[in-house]
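Fold and contact review
Letter by letter, the chains look like this.
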Amino acid sequence: MRKRSQRLWFIGAAGVLMAGAVTLGVIGLSGAVAFFQSPSDIAAKGATSFKQNVRVGGLIEVGSQSHGENGKLLTFRITDCKHTVPVVFDGIPPDMVVEGKGVVAEGKFDADGTLVASRVLAKHDENYMPKEAYDSLKRAAGEEGTMTCGDGAAT
Amino acid sequence: MIIELGHLLAFLALGAAAGQSFLGLTRNGEAARRLAVATAMFTALSMLTLIISFVRLDFSVALVAAHSHSQKPLLYKIAGAWGNHEGSMLLWCLIMSAYGALAALFMREGKLRDRALGVQGLLTVGSFLYLLFVSSPFMRLIDPPFDGAGLNPLLQDPAVALHPPFLYMGYVGMSFVFSMAAAGLINGEIDREWARRTRPWALGAWSFLTIGIALGAIWAYYELGWGGWWFWDPVENASFMPWLVAAALVHSLIVTEKRGGMASWTVFLAVLAFCLSLLGTFLVRSGVLTSVHAFAVDPARGTILLIGLGIAGGAALALFAWRAPTLKAGPEFDPVSREGALVLNNLFLSVSSALVLVGTVTPMVLQWLGEAKMISPEAASMSIGEPYFQLTLAPMVAFLLLFMPLAQAAPWRKAEVGPLMKWLLPSAVVAILAAIGAMALGGWGVFLGYGVLVGVWAIFGVGQDLVRRAGAGGFKRFIKLPLTVWGMAIAHMGMGLFVIGATVETAARTEQTFPLSPGQSAEMSGWKFEFQGVTLVDGPNYVATRADILATHDGRTELLQPEQRSYPVSEMGTTEVAIRKTLGGDMYVALGDQLRDQANVWRLRIAHHPLIDWVFGGAGLIALGGFMSLAARLRRRAPTNAETTATEPVASSADKTGAGVGASA
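These figures come from a predicted structure and were not determined experimentally.

The rules behind the values
Residues numbered from 1 in each chain as written. Chains lettered and ligands numbered in written order. Predicted model: local features only at pLDDT ≥ 70, side-chain atom pairs only at ≥ 80, totals over all residues. Buried ≥ 20, exposed ≤ 12 C-beta atoms within 10 Å, placed from the backbone. Helix = DSSP H or I, 4+ residues; strand = E, 2+ residues; numbered from the N terminus. Pairing = 2+ DSSP bridges. Axes fitted to C-alpha atoms, helices over the stretch in contact; angles between N-to-C directions.

**Overview of the pairing of strand β5 (residues 102–109) of chain A**
Residues and elements named next belong to chain A. Buried residues dominate β5, accounting for seven of its eight residues. Inspection of the sheet shows strand β2 (residues 54–60) paired to β5 by six bridges, in the antiparallel sense. Bridging across to β5, L59 finds its partner in G102. Between β5 and strand β6 (residues 115–121), which pair antiparallel and follow one another directly, the connecting turn spans five residues, one of which, G113, has a positive phi of 85°.

Printed below as a string of C-alpha cells:
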C-alpha cells in the first residue's frame, strides 16, 4: 500500500470514528443533562412544566423529613427560605443529609409536583455546602443573604 | 524546630533542581545526575519532617492543627501528612524528584538522559515554586491550638490513605514521560531507540495510575455507603482522561519502537498525558469543584495551576511544532496489520478521552460563561450525568475489545482478515453463547449482552493467542513464553474481566430498603437477614451505632455488623457497611437512618453487587500486566552474560511466533 493511500485510509477511519463520536456525544448531551433550579424558580414556573431531569438545591426544611407509611421512602422538603419543593427518595441518603443543612436532589417531577429524586447529594464534610444549595439561597435572598432560614443553623 | 528544617530542605531542593535543569539542558551531565539525586534526597527529608510533625502532633504547625487530632490512629496521622492540599503538593514534588533520581541512577548515559533530567528539573522547579510560595505546608501558628481539627472521617480508611501516593506515582510519572518527549524533541531524535527507552516510564506511570484509580473506586464502593464505585464525578474523570491517553501511549510506543512508525503521534500523546494530569490537578485543586478532593477552595491557586499548565503545554507544543517537520514517517503498512490495529486502538482511546473531556468540562465552561454574564443563569447551571458517559463510552470500549484479539494475532505490515477470523471462530462462539446465557439469566438488556459478549471474546481470544504462540511446545513452552507476552495477555484479560464485571454489576445489581425493628427479618436473593438491634460502641476517635444482623444463606448463619459512625471532632458521620463476599458477588448491608415516627425502627439498605470483584480484580490485572511488561524491559536492558544466552533464543522465537496467523507470503 502506498504512502498516500495509507494516509487516506487513516484519515477516513478517523473521520468515521469522529462522526460517530460526535453523534453519540450530541445524543448523550441532549438526554443526560440536568439543569439546576432553585425552589423559587420552580415555584415561578410551576413544577409540572419541567419534563427533563432537574437539580434542586437548598436547605432541608427543619421538621420536614419523614419516612412515609411503610418506612421505605424518605421524604423531605428543600427550601430556599422563600419557597419549598417536596422531594421523595427511595433509598438511604448520604450521611450528611440532615435537616437545616444544604442538599442537592436530582430527578424528575411527578404529576403532583413532587420531585422523585434519583440522587441526593450532600456536602462531603463540615466546611462546605453544595454549590447549588448555596446558589439557591443567594438567589432567593439577594447578595446579602444568610445561609440559614432563621429556624435552623446551616454552615 | 523540625518543620523549619523541612522548610529549609525544600529551598535546598529547589536550588538543586534549578542546577539540575541548567546543567542537564546545557552540558553533558554527570553534575546534573548528582544534583537530581540530591533534589530527591532533600525533598524526601523535607517530607519526613512533615510526617514527623504529624506523628508528634505538633499543633504549632498550621497544617497539623488543621488536619490532625490527638485521637487518631497512627496510620491516619501519617496519611494526614498528604491528606490535604499543601501536604499533597509536597508529595507531588517528592515523587517528581524521585522519578528524576531514578532516571539519574538507572538510565544509560547520553544526551537523551541529560536533557530529560534537565526538563524534569524545570518541572520540579515549577512545582517547588508553587509549593513554597502559594501553598506552603511549613507555616507555623503563633497561637497553637490545644488540639487539631482532625482529618475528614471519610478519609480515615486504609484504601484512601494509599490512594494519593499511587495516584501521584501515576500522574507525576507522566512528568518524566513528558521530559523524555521534550528531550527527544530538543535532540531531534524521536526514533526507535527513543521509544525503547521511553516505554518503561510510560508503562510504570500508567500502571501506578491504574492502581491509584482502582483504590479510589474501592474506597467509594465501601465507604460512601451506597455501593457505587464510579460516579462520573469530575474528579474521577480528571484521573480517567490521562489514563486513557497513557493507555494509547503505551500502545503507540510499541509501533514506534518496533517499526519506527507513528513517531510524531507518540510524542504528542506523551505531552498530552502530562498536560491532562495537570488539568486534572487543576480541576481537583482549584475549587471549581466541590468534593472531598477540594481541600482548599482557593481560586488563586487554580489560576496559578492553569498558568503552569499553559506554560508546560505551550512550550512542549512549540518544541513539537519546531521539530515535527524533521520527524520521519515509519515504513509503510497495510490497514489490516498489527500497525493498523494499534492505530485503531489509539483512535478509540483518544476519542474516548475527548468524550470524557467534553462531558467533564462543558458544565464548568457554561458556569464560567454564566458568571461572566455571557449566557443566562438558567442555561449556565447544568450537570452531565452517567447516561451521557455510558452512551458514549460503551461503544468505544466495545470496539476496542472487539479488535483486541485480532490485534494480538495479526502480524506486522500486512495481515489477512479471513484466516484470522476463521482461526478465532471458537472464541466467537464461546462469546456469543456466554452473552445469550447472561441475558437469559439477567434479563434481556442489550447493554448486558453487549458487555459480556465483548469481554468473553477478548478473554478467550487472548487465551487462544497464547496457545498459538506456545505452538507445538505444549505446556512447557506455554509457561516459558516471554514476560512481555504474558504482561500483554494478562493486561488484556484484565480488561475483559473488568468490562464483564462492570456491565454485569451495573445491569444486575439489586437493592432494597427494609425498615426493621429488633427481631424482624428481611429476605432478599435467597438470603435471610435477622435484625437483632443496635448497640453503641466506642472507637478510637468515634462513637458507633452498630447493628447486629444474622445473615442466613444455604443453612449457614453468620453475624454482620454494619455501623453508623459519628466523629465528634469534625461533627460528621460515616457509614461502615458490612460486606459478605460470595463467589458470584457481594451482599452489601448498610445501616441507614432511624424512622422518625416509630421508636426503634431502623432502615437497612441491602444490596447485591454481582461480579463486583471482577471490576477491581480486572483493574488489578491491567496494572499487573503493565508492571510485567516493564519488568521484561528492565531485564532485557541490562542483561548479564548468563541472561543474554538464556533469553536470546526465547526472544527470537517470540518474533517468529509473532509472525502470526494469516500472514501473507
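There is more to say, and it comes next.
**Comments concerning the sheet that holds strand β10 (residues 585–594) of chain B**
Residue and element names in this part refer to chain B. Sheet architecture is open: four strands sit in the order β2-β11-β10-β9, paired in antiparallel fashion. Only two strands of the sheet have a single partner each, and these edge strands are β2 (510–516) and β9 (578–582). Strand-to-strand twist across the sheet, computed as the mean angle between neighbouring axes with direction ignored, equals 20°. Examined bridge by bridge, β9 and β10 share five bridges and lie antiparallel to one another. Along β10, the bridge assignment pairs I579 with Y588.

**Some words on unusual backbone geometry**
All names here are of chain B. You will see that D554, though not glycine, has its phi angle at about 55°, which is positive. Considering the arrangement of structural elements, one finds D554 in the loop between β5 (543–553) and β6 (556–560). One non-glycine residue, L611, adopts positive backbone phi at about 55°. Within the element layout of this structure, L611 appears in the loop between β11 (602–610) and α21 (612–637).

**Side note on the pairing of β11(B)**
Residue and element names in this part refer to chain B. Buried residues dominate β11, accounting for nine of its nine residues. Neither face of β11 is exposed, since W602, L604, I606, H608 and P610 on one face and R603, R605, A607 and H609 on the opposite face are all buried. Pairing of β2 with β11, which is carried by seven bridges, proceeds in the antiparallel orientation. Bridge assignment links F514 to a residue of β11, and that residue is L604.

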